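Letter by letter, the chains look like this.
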Amino acid sequence: MSDAVLSIRNLSVEIPTRTGVVKPVDGVSYDISAGEILGVVGESGAGKSMAGNAVIGLLSPPAHIAAGEIWLNGTRIDALKGEAMRRLRGKQIGMVFQDPLTSLNPLLSIGDQLTETMLTHLPISRSEAEKRAVAALEEVGIPGAVERIDSYPHEFSGGMRQRVVIALALCAEPSLIIADEPTTALDVSVQAQIIALLKRLCRDRGTAVMLITHDMGVIAEAADRVAVMYAGRLAELGTVRDVLTQPQHPYTAGLMASTPLASAGKARLHQIEGAMPRLDNVPEGCAFHPRCEYAQDKCRAAPAPQISDSHAACWFPLIAEKVS
């Protein structure tokens, strides 16, 4: 834990409902080191964003952390509330949301938003904050930063707004960035630019990044390691090279086979039969077994073993011959 910027241990998030308690995050554990990008991938509803919101303290009631621990730079933060968590956001944890237009205040100029964030979290003067605001825009590739510093969010394109949001997330020099679907609303060419920007800033600053996405192409391009989630649980964890080329969990293999690259030359993409279960109706045993072509009686009777580094939560992990 001492070497990790972020360490999540057996994290569970619960939401009480009229029909019972559901767990959008169920016993998840992983670490992110300085300068590392961990890609968190899975279908919509898999629990990716909920885990990120738990880390930054943005769970909407009645959702709450029911079990587990979250450590940031050796300090436990899952019990922080109110002002203590607000001081942590921005200063130690930056956030990049999917839609940059809703992340920025439309009534304040870009320069004002950057300056106020730095004045809130850093012991610097206003004049120094204004200088750093221009430098931050230059660092993320905003052309004519000196002239654009007084512009408003609606005066920027989607890609430029996302660059501004990244500058805003980084301006107080946090050790962790949570990027939740940061490229989904952008066209392909701009996506590539934003991914390259995140990678460069991560390496230059030594910032840890939790990159939440459903796009395996983004994971392959940007991440160092990947955590695959399914029905709130961690299905597989390992290096991008290992997980993408030799997946051990059948769900990961299905995700990879359904990408255009893996299905090149075929008339139809591979499809994983069925759908992810509702969180109030997760099956006994392995949550994926109703959709798994390799499922056996043991898979239906008991949850898969706890995941560890470079491992799959599967009773019968795939071997290279099966995957190929």
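Student: Would you explain the pairing of strand β9 (residues 225–230) in this entry?
Tutor: Here is the key point about a regular strand: its side chains alternate between the two faces of the sheet. Within β9, 6 of the 6 residues are buried, which leaves the element mostly enclosed by the surrounding structure. Covered by surrounding structure in β9 are R225, A227 and M229 together with V226, V228 and Y230, the residues of both alternating faces. Pairing between strand β3 (residues 37–41) and β9: 4 bridges, direction parallel. Bridging across to β9, G39 finds its partner in V226. One ladder, built from 6 bridges, connects β9 with strand β10 (residues 233–239); its direction is antiparallel. Residue pairing in the sheet places V228 in a bridge with E236 of β10.

Student: Even after reading the chapter, I still don't get the pairing of strand β6 (residues 93–96), so can you show me in this structure?
Tutor: Side chains I93 and M95 project from β6 onto one buried face, and the interleaved G94 and V96 project onto a second face that is buried too. Inspection of the sheet shows β6 paired to strand β7 (residues 176–180) by 4 bridges, in the parallel sense. Bridge assignment links I93 to a residue of β7, and that residue is L176.

Student: Could you clarify how one ought to interpret the packing of helix α7 (residues 158–170) against helix α8 (residues 188–205) in this entry?
Tutor: Describing two packed helices takes the angle between their axes plus the distance from one axis to the other. Interhelical geometry of α7 versus α8 gives an angle of 15° and a closest axis separation of 10 Å. On the basis of the axis angle, α7 is roughly parallel to α8. Here α7 and α8 pass one another in a crossing that is right-handed. Only V190, Q193, I194, L197, L198, L201 and R205 of α8 make contact with α7, whose side of the interface consists of G159, Q162, R163, I166 and L170. Considering only residue class, the contact of α7 with α8 consists of 7 nonpolar, 3 polar and 2 charged.

Student: Is there a simple way to think about the sheet that holds β9 in this case?
Tutor: By definition, the strands of a sheet pair up through backbone hydrogen bonds, in either a parallel or an antiparallel sense. With respect to topology, 7 strands assemble into an open sheet ordered β6-β7-β8-β3-β9-β10-β11, the strand pairing being mixed. Here the strands that pair on one side only, and so sit at the sheet edges, are β6 and β11 (311–312). Where β10 lies against β11, 2 bridges are found, and the strand directions are antiparallel. From the neighbouring strand, L237 faces β11, where its bridge partner is H311. Contacting β3, β6, β7, β8 (208–213) and β9, helix α1 (residues 48–56) crosses the sheet at an angle of about 145° to β8.

Student: What should I look at first to understand the side chain of H289 in this one?
Tutor: In this fold, H289 is placed in the loop between α11 (250–257) and α12 (297–301). Excluding residues that lie within four positions of it along the chain, H289 makes contacts with P283, E284, A295, C299 and R300.

Student: How should the packing of aromatic side chains be read in this particular structure?
Tutor: Remark: the centre distance and the inter-plane angle together describe each pair of aromatic rings, the angle taken between the planes. Enumeration over the complete set of coordinates arrives at 3 aromatic pairs. Linked through ring pairs, Y230, Y251 and F288 together constitute an aromatic cluster. If you follow R148 out to its NZ or CZ, it ends over the ring of F156, 4.1 Å from the centre.

Student: Got a minute to help me understand the pattern of salt bridges in this structure?
Tutor: For side chains of opposite charge, pairing can occur when their charged atoms come near one another. All told, the structure shown has 16 salt bridges when counted by the stated rule. We note a salt bridge from D224 to R203, for which the minimum N-O separation is 3.0 Å. Placement of D224 in the loop between α9 (216–222) and β9 and of R203 in helix α8 is noted, with a sequence separation of 21 residues between them. Overall, D224 belongs to the partly exposed group, its relative accessible area being 30%. Each member of the salt-bridge network shares a partner with another, and the members are K23, D26 and R233.

About the criteria used
- Residues numbered from 1 in each chain as written.
- Predicted model: local features only at pLDDT ≥ 70, side-chain atom pairs only at ≥ 80, totals over all residues.
- Heavy atoms only, no water.
- Buried < 20%, exposed > 50% of the residue type's maximum accessible area, 1.4 Å probe, protein only.
- Helix = DSSP H or I, 4+ residues; strand = E, 2+ residues; numbered from the N terminus.
- Pairing = 2+ DSSP bridges.
- Axes fitted to C-alpha atoms, helices over the stretch in contact; angles between N-to-C directions.
- Parallel < 35°, antiparallel > 145°, perpendicular 65-115°, else oblique.
- Left-handed = near helix turned anticlockwise from the far one by under 90°.
- Contact = heavy atoms within 4.5 Å.
- Nonpolar A, V, L, I, M, F, W, Y, C, P; charged D, E, K, R; others polar.
- Phe/Tyr/Trp six-rings, centres within 6.5 Å; stacked < 30°, edge-to-face > 60°.
- Lys NZ or Arg CZ within 6 Å of the ring centre and 35° of its normal.
- Salt bridge = Lys/Arg side-chain N within 4 Å of Asp/Glu carboxyl O.

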